[in-house]
Number of protein chains: 2
Amino acid sequence: MKQVVTVRRRALEASETRAESLRQRFAEAGTLVLNLISSPGSGKTTLLEATVRRLASDHPCAVIEGDVATERDADRLRALGVPAHQILTGGACHLDARQVGAALDQARLLPADILFIENVGNLICPTTYDLGEDFKVALLSVTEGDDKPFKYPAIFARAAVTVLTKIDLLPHLPFDVPAVEEQLRSLNPEGIILQTSAITGEGIDAWCGLLTERLTTKRKRV
Amino acid sequence: MKQVVTVRRRALEASETRAESLRQRFAEAGTLVLNLISSPGSGKTTLLEATVRRLASDHPCAVIEGDVATERDADRLRALGVPAHQILTGGACHLDARQVGAALDQARLLPADILFIENVGNLICPTTYDLGEDFKVALLSVTEGDDKPFKYPAIFARAAVTVLTKIDLLPHLPFDVPAVEEQLRSLNPEGIILQTSAITGEGIDAWCGLLTERLTTKRKRV
């Protein structure tokens, strides 16, 4: 087993090196990069649609979509005039830095002010893979139940921002928002929590405001 | 890399052997075993609560819960008087046959008419792991969007039964039931599709009827 462990460690180190080189590439391009992670169906693509509708005229956006199968998500973003590249993992449960690097080489995604990387729908596996992003965003739709942060602690502890989505459905659901916020604060005291509904538009201004603020901060720093 | 591949193949073979030995153990016990797979928050535990409330007085049930963290799901079933064992994976994204065997050795789950194995919330990774079950059940909540079967085809192609959950929320959602049924039939022509709401009770009779019918068939065959 020792050789297996060695091979795995080397693979991990190579992956970290690739992520660092992506981070440098993004810094040189002045591009803010987000890694969006959630369960399937939490509304990542729908949030991105609402976001680029609001932002793309002032801030050129680009999208990398990760899915096991179908080009559907990239098509949805392309329909809004945003450059979008679909990575099909064929079965793998997360994106990695190598795939993101290859996507940048293949597709004309940069220059862009903001690059959204929508990871494969999975609340577990994508958590530990660094894609060179500025920060991770976890999405949790209120239809998934209010016990999820403690049941899937790793992602909620690491995400700089957690977005509670589909809050228009709250009147129809037993979902205790303060209880979820308490779990999130306990896992991640510095984390920002936002509430959004892509249908009513609630919270989209605050979310887009956060993105432009982070973009400005990044460009000042570079 | 050759040695890594060999180690992996051996691990896979060992896992298949363990699953076959579990299957034999379940056959000898006359226990129907289901492996429930879905995204986080699709309502697996809630469906199990409704199921044991309906069935457990006539058919002793037992539950194995798989989660990354917390005993919460096992506690919910224990509160209904059902023997439930929690497997905490600590980070792993699926259950395996070894863990299920250890659970059977540790906890008094058998004899039982029906053993429900609730896998870790993940629509990808649990798909290829045989736990010695009679069949897999995929859950898809209608809040997850009507594109999911084609986006996560492996589980929907393998599950003998797909349960569309939370159908009480359909009036508030853009979810095309016929489109989903068409995707499911295309992936899995023999698959059974059920619609349930654990809140209104709709479809729970049909689901429980299917389980008792499968139990009877299994016991006749043994």
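Bear in mind that the values here come from a model prediction, so they are computed numbers and not experimental data. (Residues numbered from 1 in each chain as written. Chains lettered and ligands numbered in written order. Predicted model: local features only at pLDDT ≥ 70, side-chain atom pairs only at ≥ 80, totals over all residues. Heavy atoms only, no water.)

*Asks:* It is not clear to me how the packing of helix 2 (residues 44-55) of chain B against helix 8 (residues 204-221) of chain B should be interpreted in this structure. Could you clarify?
*Replies:* Residues and elements named next belong to chain B. Remark: helix 2 packs on helix 8, axes separated minimally by 10 Å, with the N-to-C direction vectors making an angle of 70 degrees. Between helix 2 and helix 8, the angle falls in the class roughly perpendicular. Remark: the crossing between helix 2 and helix 8 carries right-handed chirality. Facing helix 2, whose interface residues are Leu47, Ala50, Thr51, Arg54 and Leu55, helix 8 presents Ile204, Asp205, Trp207, Cys208, Leu211 and Thr212. (Axes fitted to C-alpha atoms, helices over the stretch in contact; angles between N-to-C directions. Helix = DSSP H or I, 4+ residues; strand = E, 2+ residues; numbered from the N terminus. Parallel < 35°, antiparallel > 145°, perpendicular 65-115°, else oblique. Left-handed = near helix turned anticlockwise from the far one by under 90°. Contact = heavy atoms within 4.5 Å.)

*Asks:* Mind showing me how you'd approach the pairing of strand 4 (residues 114-118) of chain B here?
*Replies:* Residue and element names in this part refer to chain B. Across the five residues that make up strand 4, a large majority, five, are buried. The alternating pattern of strand 4 places Ile114, Phe116 and Glu118 and Leu115 and Ile117 on opposite faces, both of which are buried. By the bridge criterion, five bridges tie strand 1 (residues 32-37) to strand 4 in an arrangement that is parallel. Opposite Leu32, over in strand 4, you have Ile114 as the bridge partner. Bridging between strand 2 (residues 61-67) and strand 4 involves five bridges; their strand directions are parallel. Residue pairing across strands places Cys61 opposite Ile114, the latter belonging to strand 4. (Buried < 20%, exposed > 50% of the residue type's maximum accessible area, 1.4 Å probe, protein only. Pairing = 2+ DSSP bridges.)

*Asks:* Sorry if this is basic, but what is going on with the nonpolar core here?
*Replies:* Nonpolar side chains in soluble globular proteins generally cluster together in the buried interior. Ranked by size, the top nonpolar core spans 64 residues in total, and within it Phe156 of chain A together with Ile64, Leu115, Ile117 and Phe156 of chain B carry the most contacts. Apart from the residues lying within four places of it in its own chain, the contact partners of Ile64 of chain B are His85, Ile87, Val100, Ala103, Leu104, Leu109, Leu115, Phe116, Ile117 and Glu118 of chain B. (Core = buried A, V, L, I, M, F, W, Y, C linked by side-chain atoms within 4.5 Å.)

*Asks:* Looking at this structure, I do not really get unusual backbone geometry. What am I missing?
*Replies:* Leaving glycine aside, a negative phi is the common case for residues, and trans is the common case for peptide bonds. Cis geometry marks the peptide bond from Leu110 of chain A to Pro111 of chain A, where omega comes out at 0 degrees. Positionally, Pro111 of chain A belongs in the loop between helix 4 (97-106) and strand 4 (114-118). The phi angle at Lys166 of chain A is positive, at roughly 60 degrees, despite the residue not being glycine. With respect to the helices, strands and loops of the structure, Lys166 of chain A is situated in the loop between strand 6 (161-165) and helix 7 (177-187). In this model, Thr70 of chain B sits at a positive phi of 80 degrees, which is unusual for a non-glycine residue. Structurally, Thr70 of chain B can be placed in the loop between strand 2 and helix 3 (72-78). The exposure class assigned to Thr70 of chain B is partly exposed, which follows from its relative accessible area of 24%.

*Asks:* Help me understand the sheet that holds strand 4 of chain A, please; the structure alone is not making it clear to me.
*Replies:* Hydrogen bonds between backbone atoms are what pair the strands of a sheet, whose relative direction is either parallel or antiparallel. Residues and elements named next belong to chain A. What the seven strands build is an open sheet, ordered 3-2-4-1-5-6-7; its pairing is parallel. Each end of this open sheet is capped by a strand with a single partner; those strands are strand 3 (84-88) and strand 7 (192-195). Strand-to-strand twist across the sheet, computed as the mean angle between neighbouring axes with direction ignored, equals 20 degrees. Of the strands in this sheet, strand 1 (32-37), strand 2 (61-67), strand 4, strand 5 (135-141) and strand 6 are in contact with helix 2 (residues 44-55), which crosses strand 4 at around 170 degrees.

*Asks:* What should I look at first to understand the relation of the copies chain A and chain B in this one?
*Replies:* The two copies are related by a screw motion: chain A maps onto chain B through a turn of 180 degrees and a shift of 0.0 Å along the axis, at an RMSD of 0.0 Å. Considering both components of the superposition, the chain copies are consistent with a two-fold axis. Both copies share a contact surface, since 100% of the interface residues of chain A are interface residues in chain B too. (Least-squares fit on C-alpha atoms with pLDDT ≥ 70 in both.)

*Asks:* Please clarify how the interface of chain A and chain B should be interpreted in this entry.
*Replies:* Often the size quoted for an interface is simply the accessible area lost on bringing the parts together. Across the boundary between the two partners, chain A contributes 35 residues, which contact 35 residues of chain B. Taking both partners together, chain A and chain B bury about 2800 Å²; carbon and sulfur atoms supply 62% of that area. A per-residue breakdown of the area chain A buries against chain B is headed by Pro40, Ile124 and Lys151 of chain A, which together make up 21% of the total. Summed over the shared surface of chain A and chain B, the result is six salt bridges. Joining chain A to chain B, the criterion identifies twelve residue pairs in polar contact (both at pLDDT 80 or more). Only helix 1 (2-29), helix 3 (72-78) and helix 5 (148-151) of chain A provide two or more residues apiece to the side of chain A that touches chain B. The element that contributes the greatest number of residues to the side of chain A that touches chain B is helix 1 of chain A, accounting for four residues. Among the residues making up the side of chain A that touches chain B, the classes are represented as 16 nonpolar, nine polar and ten charged. (Buried area = accessible area lost by both parts, 1.4 Å probe. Salt bridge = Lys/Arg side-chain N within 4 Å of Asp/Glu carboxyl O. Polar contact = N/O pair within 3.5 Å; in protein donor to acceptor, adjacent residues only side chain to side chain. Nonpolar A, V, L, I, M, F, W, Y, C, P; charged D, E, K, R; others polar.)

*Asks:* What should I look at first to understand the side chain of Thr31 of chain B in this one?
*Replies:* Residue and element names in this part refer to chain B. For Thr31, the location among the structural elements is in the loop between helix 1 (2-29) and strand 1. Taking relative accessible area as the criterion, Thr31 reaches 0% and is therefore assigned buried. Residues contacting Thr31, with those up to four places away along its chain left out, are Phe26, Leu110, Ala112, Asp113, Ile114, Leu115, Asp134 and Lys218.

These figures come from the coordinates and say nothing about function on their own.
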